[in-house]
Structure formats: structure tokens, C-alpha cells
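Tertiary structure, described
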Amino acid sequence: MQYRTLGRTGVQVSSLVLGAMNFGKIGRTTQDEATAIVDAALEAGINLIDTADMYGDGESEEMVGKAIAGRRDDIVLATKAGMPMGQERNHRGSSRRWLVTELDNSLRRLGVDHVDLYQIHRWDPTTGDEETLSALTDLQRAGKIRYFGSSTFPAHRIVQAQWAARDHHLSRYVTEQPSYSILQRGIESHVLPVTEEYGLGVLVWSPLASGWLSGAIREGREIATNRSAFMPRRFDTSIPSNRARLDAVERLAEVADAAGLTMIQLALGFVTAHPAVTSAIIGPRTLDHLRSHLAAADTVLSADVLDAIDAIVAPGVDLAPNEKHDTPPSLLDPSLRRR
């Protein structure tokens, strides 16, 4: 296992992060299975576990809490808040009112008295940076969180939050958690240059592109992954962007074979090769999934392999731009760009 410094915090974290989104009803992973996955991940050298309040409506946090009981001090524990938790309109977002309440809920579910990294799950356009940062700073001073970060923020909002922290003498975001893979490289042109400029740690999610880079999706095979069952449109190869992904996967498979690598090793080795990236978040549903990911823990891609990848998917290009998660709201809602 490789280890890197998380931004400028001085905290050493593994290059692979155990993501717990699939713990519980999302991935149909039981408590015993989740505990076995955590055991194996820690034994392999992973020391950062990432979850969120909304994963399984809190179920993931509860399962992580039970799995890490008795060994909390050896783990860098991260969770997130901000996505809707039920129908109540104020049980979401990044207001002081909600963050103070929901952090206590997360701590209760996790069975701990603090988390090491508390992340705002998505940028909340209805809440000002000073409101959010002042609440997070107070929670940090109270000892309930050690650091805080953002997740899937547009580049301009990362910059704005850094300036707001400086202007109002508040603690700042020290990490960003964006989506990044060989097939979705858009953040290379905007987010990653900003995180490097401000010295943020970067924990990338979906490095296997929702399973497209797992090795299970190939030309001529029925696509029957867990993700495709509840997001069928993202895997419909009659859609041009999905056809482009499948074509890229076939060419990438040739690169992986020539280098003696699995597709998972190629995919994880690619994202962790970028100097701005600290770690890649993996989200195994089973022990077998975890083992296939752990095989990439020490993968270092040669310059020739990285050049071959660039020739298939150019730097800064998203093959499925409609699936970007940091698009400014005005590009999604016409009413926000009309007078």
C-alpha cells in the first residue's frame, strides 16, 4: 500500500480509500459482510474509511460504526452531509442549523465522539460560504471534527470558499472529493489545477466509472452489473455517449492486456498517478470485489501506458458530459439563465 499526505494536514492516508456507500441496502451488503470487508481492508493497509449520512439513510454509518468498534484510533474516518435526509425541507443543505444537528446524528450512528474529515456532499447554492464555514469552524473548535472538506464542488466554488475563509478568518476546506476516471477526465482542466493551487487533498470517487472500467463490461456481453440494474440509461449502448465509452473500454482493455494488468489495476493506477490526487475511493460490495481492488494498491503505470490512455481518452475530456456532477445550476435549470 502506498501512503500520501492529505493536502497540507500532515495526516498520512492510504492511496486507496474504503468507500462504504454499498454497505446496507444500496449494495445489499450485510453487517457481517461489511465487517469482513473492513477487516480485510485494514489488514491490507487501508487506513481511511469514507461514508455519508445519506448512504442507506444512515445505515452505512451505522454499519461502519459497528465494524470499527474498538479500533477507532487507527482509522482516519470521513463522512459527509448536505444531501436530503427525508422529506423535511430543512433536513438538507449546508446551513448551520442543519450541519450542527446532522453531525450529532452521524456521530451517534457511527458510535464515535468525532470524525476526522467532515465533507459537504454537494455545493449548496442557497447557503452562503460564511454561514457554512463558520458552522464548520465552530464544530472543529468543539472537537467534533478534525478537518472539513468539500465534495464535487465546481472549481469556481472551491476558489470562492477559500477566499471566504480568508476574508472572514475562518478555517478552510482542506480536501475536495470529485468524480474522476479514465472516461471522465474533465476535472483535469478546472478542478485539479485549483486543488493544486490551494494545497487541497483530493479523494476521487467513481474511479471505475460506475463499473465501466471493472472488466465486467465488454463488447458482445450483456451488461448486468449492480449499477446497471437501477441506472439502465447510463449503460444503454444505443446512446452515443455510452457507445463512446464502450469503444474506449475495448481499446483500454488492449492496453491493459499488453501491460499485464487487469482493467481495475489500469483504472486505479491511472487516477492515483495524477500528482493532484491523494487517494482513490473504492466501493466494494463483496470481499472478492475488495481483493480485486487491492491488487491495484501498488500499481504504478509506466509513461508508455499513460500515453496510450491519453491517445484513447484525451486529457480533460468527459466521454459522458451529461453525467457531470459539478455543473453550475444555471446550465441545468433554464429559469436561472433567463431574465
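Bear in mind the structure is a predicted one, so any value in this text is a computation, not a measurement.

Let us now look at the packing of helix α3 (residues 96–110) against helix α4 (residues 129–141). In contact at an axis separation of 9 Å, α3 and α4 are set at 30 degrees when each is read in the N-to-C sense. The angle between α3 and α4 places the two elements in the roughly parallel class. Crossing handedness for the pair α3 and α4: right-handed. Two secondary-structure elements touch here, α3 through R96, R97, L99, V100 and L103 and α4 through E131, T132, S134, A135, L136, D138 and L139. Residue classes in the contact of α3 with α4 are distributed as six nonpolar, two polar and four charged.

On to the sheet that holds strand β5 (residues 76–81), then. Overall, parallel pairing links the eight strands, which are arranged β3-β4-β5-β6-β7-β8-β9-β10 in a closed barrel. Adjacent strand axes in the sheet meet at a mean angle of 30 degrees when their direction is disregarded. Note that strand β4 (residues 48–50) and β5 share three bridges and pair parallel. From the neighbouring strand, D50 faces β5, where its bridge partner is A78. Docked against the sheet, α3 engages β5, β6 (115–120) and β7 (145–151), running at close to 135 degrees with respect to β6.

For any pair of aromatic rings, geometry is given as the distance between the ring centres together with the angle between the planes. For the structure on display, the rule yields four aromatic pairs. Ring centres of Y180 and F270 lie 5.7 Å apart, and the angle between their planes is 45 degrees; this geometry places the pair in the tilted category. Of this pair, Y180 sits in the loop between β8 (175–177) and α6 (191–198) while F270 sits in helix α9 (residues 263–273), and the two are 90 residues apart along the sequence. Accessibility expressed as a relative area gives 5% for F270, which makes it buried. Between W212 and F235 the ring centres are 5.5 Å apart and the planes differ by 10 degrees, which places this aromatic pair in the stacked class. In this pair, W212 sits in the loop between β9 (201–204) and α7 (226–230) while F235 sits in the loop between α7 and α8 (240–259), placing the two residues 23 residues apart along the sequence. F235 shares its class with W212; the two are buried. Three or more aromatic residues joined by ring pairs form one cluster here, namely F148, F153 and Y173. In this arrangement the basic side chain of R166 is found over the ring face of W163, its NZ or CZ atom lying 4.2 Å from the centre.

What follows deals with the side chain of Q162. For Q162, the location among the structural elements is in helix α5 (residues 155–167). Separated by 3.1 Å, the side chain of Q162 and the backbone oxygen of Y173 make a polar contact. Residue contacts for Q162: discarding those within four places in its chain leaves R172, Y173, Y198 and L200.

So, on to the pairing of β6. Among the six residues of β6, six are classified as buried, and the element is accordingly described as predominantly covered. Note that β5 and β6 share four bridges and pair parallel. Counted as the bridge partner of K80 is Q119 from β6. Of the crossover connections in this fold, the one passing from β5 over α3 to the parallel β6 is right-handed. Looking at chain direction, β6 and β7 are connected through five bridges and run parallel.

Parameters at a glance
Residues numbered from 1 in each chain as written. Predicted model: local features only at pLDDT ≥ 70, side-chain atom pairs only at ≥ 80, totals over all residues. Heavy atoms only, no water. Axes fitted to C-alpha atoms, helices over the stretch in contact; angles between N-to-C directions. Helix = DSSP H or I, 4+ residues; strand = E, 2+ residues; numbered from the N terminus. Parallel < 35°, antiparallel > 145°, perpendicular 65-115°, else oblique. Left-handed = near helix turned anticlockwise from the far one by under 90°. Contact = heavy atoms within 4.5 Å. Nonpolar A, V, L, I, M, F, W, Y, C, P; charged D, E, K, R; others polar. Pairing = 2+ DSSP bridges. Phe/Tyr/Trp six-rings, centres within 6.5 Å; stacked < 30°, edge-to-face > 60°. Buried < 20%, exposed > 50% of the residue type's maximum accessible area, 1.4 Å probe, protein only. Lys NZ or Arg CZ within 6 Å of the ring centre and 35° of its normal. Polar contact = N/O pair within 3.5 Å; in protein donor to acceptor, adjacent residues only side chain to side chain. Right-handed = clockwise from strand over helix to strand, strands pointing away.

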